[in-house]
Amino acid sequence: MRGSGRFLNNSMKIDWLFLALVFLLTSIGIALVYSATVNTEPIWYTSRWFKQIIYFGGGCLLAAAFAFVRIDYWQRVAFPLFFLTVAALAFVAFGGGDSAKGAGRWIDLGFLKIQPSEFAKISFLLAMSKWLSTHRVNILKPKTFVVPALIFIVPFGLVLKQPDLSTALVFTAVTIVGLYWAGLSLLDLFLLLSPGASVILSYPHIPYSQVLWGVLLCIVFLVLLFRKMPRKFIILILSLNIICGYASTMAWNSLEHHQRERVMTFVDPMRDPKGAGYQVIQSEVAIGSGGIFGKGFGEGSQTNLAFLPEEHTDFIFSVLGEQFGFFGCAFVMFLYFMLLWRAMAICRLHLDPFVNHVVSGTCTIFFFHMTVNISMTLGLMPVTGLPLPFLSYGGSFLLTCMMLVGLLVNMRYQGSQLESNYD
């Protein structure tokens with residue numbers, strides 16, 4: 001897939017509304033981190049909320065730097081950056097990084113600990129966008145999937161080894177969206193993802209698992225007939241689904257103990273209310289106790305009395321719900337969807353495939369984090385440890401978010417409108 005054509009317009013103005021949304025969300029996040037930690041961190045210059053301000057300032061500088069780098073330069077350095085971050089991931093995955101809570105995810109630079117998997121999201125996005133913007137994929141041509149599969153599998157496997165399943169799933173989401181933009185239909189994506197669905201639905205611990213798995217196989221077969229796939233391809237997809245279905249127990253046993261506990265706690269939080277289910281229960285109590293208008297800034301028993309674990313990181317949305325209630329949560333959700341809407345508007349301004357892949361991938365990262373984090377605080381998904389963009393405390397994550405903001409500003413300001421054609 002090659003884009004060529006006449007340069008039309010690269011004088012797009014900066015989207016100040018988009019930047020205002022980023023500033024407002026980050027400010028809300030700093031205020032929530034302050035309210036969640038002020039009782040345990042009385043010295044302001046060593047507190048997390050003050051560090052978050054420093055991270056935000058550094059993030060703004062990085063965003064400005066990313067915004068003014070030429071797009072063609074990003075295309076040239078995409079794979080070198082990818083290989084560099086893969087090397088950092090390998091260093092961490094094979095025992096070279098610092099560990100916390102049983103997972104080795106950080107590299108200690110002395111003055112700062114960085115999490116390579118966060119920055120790998122950017123290099124992975126650029127590398128995948130670079131390849132898919134110049135190559136069309138076809139579900140009936142396996143060779144077209146070789147390079148995208150390698151770009152995906154290597155960082156996915158290294159991050160999974162840390163272990164960090166939640167971040168590994170971010171790479172999965174970006175890959176799925178990238179393949180869609182590269183030419184796969186929704187039905188094609190369904191067929192590609194169906195073996196993974198078979199692993200989940202066939203697991204015996206899930207109620208009516210065999211019935212659900214049987215329904216999935218019927219749907220897969222009907223889609224294959226509807227798409228008029230060749231007989232060999234039909235046999236291949238159905239065989240993969242059956243093999244993956246019977247291998248679900250093996251996949252379950254390959255998960256870490258804490259990952260299995262999170263899934264089982266999601267099914268029934270009360271099975272271990274003082275252990276694995278404690279976080280989910282306390283999160284639901286915090287959000288529910290906030291009611292319509294909340295208990296007020298800095299107020300709330302779950303936060304102030306430290307009933308809610310990790311309230312400044314994974315469960316920052318619970319702090320928001322307890323202190324500002326339904327209206328506060330709805331307002332933040334509105335800000336997020338406005339942010340995504342303004343970002344995706346870039347795809348309507350430009351026809352450059354690389355620009356569109358970067359923009360859609362960036363929005364996928366934000367949306368995936370937002371959806372999974374909020375869902376887990378409400379007990380709708382297993383606790384995964386994914387932070388909430390711009391709100392959760394964390395240096396590496398906030399810097400990554402701001403660099404992605406810089407890329408979006410770059411794509412809007414410098415992206416050329418090109419008449420693209422593919423072969």
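Residues numbered from 1 in each chain as written. Predicted model: local features only at pLDDT ≥ 70, side-chain atom pairs only at ≥ 80, totals over all residues. Heavy atoms only, no water.

Quick notes on the packing of aromatic side chains
Phase 1 of the analysis: For the coordinates displayed, the defined rule picks out 15 aromatic pairs.
Phase 2 of the analysis: A centroid spacing of 6.1 Å and a plane angle of 85° characterise the contact between tryptophan 49 and phenylalanine 50, whose relative ring orientation is edge-to-face.
Phase 3 of the analysis: Residue phenylalanine 50 is classed as partly exposed on the basis of its relative accessible area, which comes to 23%.
Phase 4 of the analysis: Consider the rings of tryptophan 213 and tyrosine 246, whose centres lie 5.4 Å apart with planes at 90°: the pair is edge-to-face. Placement of tryptophan 213 in helix 8 (residues 209–226) and of tyrosine 246 in helix 9 (residues 231–246) is noted, with a sequence separation of 33 residues between them.
Phase 5 of the analysis: For tryptophan 213, a relative accessible area of 7% translates into the label buried.
Phase 6 of the analysis: A connected cluster of aromatic rings, assembled from ring pairs, spans Tyr34, Trp49, Phe50, Phe297 and Phe324.
Phase 7 of the analysis: Of note, arginine 48 hangs over the ring of tyrosine 393, and the distance from its end group to the ring centre comes to 6.0 Å. (Phe/Tyr/Trp six-rings, centres within 6.5 Å; stacked < 30°, edge-to-face > 60°. Buried < 20%, exposed > 50% of the residue type's maximum accessible area, 1.4 Å probe, protein only. Helix = DSSP H or I, 4+ residues; strand = E, 2+ residues; numbered from the N terminus. Lys NZ or Arg CZ within 6 Å of the ring centre and 35° of its normal.)

Some remarks on the pattern of salt bridges
Phase 1 of the analysis: Here the structure, examined in full by the defined rule, presents 6 salt bridges.
Phase 2 of the analysis: The residue lysine 295 makes a salt bridge to glutamate 322 at a minimum N-O spacing of 3.7 Å. Of this pair, lysine 295 sits in the loop between helix 12 (278–289) and helix 13 (301–304) while glutamate 322 is found in helix 14 (residues 316–349), placing the two residues 27 residues apart along the sequence.
Phase 3 of the analysis: What makes lysine 295 partly exposed here is its relative accessible area of 35%.
Phase 4 of the analysis: What makes glutamate 322 buried here is its relative accessible area of 0%.
Phase 5 of the analysis: Three or more residues joined by partner-sharing salt bridges are found here, namely Arg70, Asp72 and Arg76. (Salt bridge = Lys/Arg side-chain N within 4 Å of Asp/Glu carboxyl O.)

Considerations on the packing of helix 1 (residues 16–37) against helix 2 (residues 48–67)
Phase 1 of the analysis: One can describe the packing of helix 1 onto helix 2 by two numbers: an axis separation of 8 Å at closest approach and a directional angle of 160°. One way to sum up the angle between helix 1 and helix 2 is to call them roughly antiparallel. By crossing handedness, the relation of helix 1 to helix 2 is classed as right-handed. In contact with Phe23, Thr26, Ile30, Val33, Tyr34 and Thr37 of helix 1, helix 2 contributes Arg48, Trp49, Gln52, Ile53 and Phe56. (Axes fitted to C-alpha atoms, helices over the stretch in contact; angles between N-to-C directions. Parallel < 35°, antiparallel > 145°, perpendicular 65-115°, else oblique. Left-handed = near helix turned anticlockwise from the far one by under 90°. Contact = heavy atoms within 4.5 Å.)

Digging into helix 2
Phase 1 of the analysis: With 20 residues, helix 2 extends 28 Å from end C-alpha to end C-alpha; this agrees with the ideal 28 Å at 1.5 Å per step.
Phase 2 of the analysis: Looking at helix 2, one finds that the buried residues are Trp49, Gln52, Tyr55, Phe56, Gly59, Ala63, Phe66 and Ala67. Taken around the axis of helix 2, the buried residues stretch over an arc of 110°, which confines them to a single face. Along helix 2, exposed side chains directed more than 90 degrees from the buried face belong to Ile54 and Leu61. (Expected span 1.5 Å × (residues − 1). Arc of directions from axis to C-beta.)

Things to note about the nonpolar core
Phase 1 of the analysis: Membership of the largest hydrophobic core comes to 98 residues, with the highest contact counts inside it found for Phe390, Leu391, Leu407 and Met411.
Phase 2 of the analysis: Sort the elements by how many residues they give to this core and helix 14 lands first, with 14 residues.
Phase 3 of the analysis: Beyond its immediate stretch of four places on either side in the chain, phenylalanine 390 contacts Val22, Leu25, Thr26, Gly29, Tyr336, Leu339, Phe366, Phe397, Leu398, Cys401, Met402 and Val405. (Core = buried A, V, L, I, M, F, W, Y, C linked by side-chain atoms within 4.5 Å.)

Overview of the side chain of threonine 364
Phase 1 of the analysis: Among the secondary structure elements, threonine 364 is positioned in helix 15 (residues 353–377).
Phase 2 of the analysis: Setting aside residues no more than four positions away along its own chain, threonine 364 makes contact with Ala173, Val174 and Val177.

What about helix 16 (residues 395–414)?
Phase 1 of the analysis: The terminal C-alpha atoms of helix 16 lie 28 Å apart, and with 20 residues this matches the ideal 28 Å at 1.5 Å per residue to within 8%.
Phase 2 of the analysis: Of all the 20 residues making up helix 16, 19 are buried; the element is thus mostly covered by neighbouring parts of the structure.

Purely geometric stuff here, so don't read any function into it on its own.
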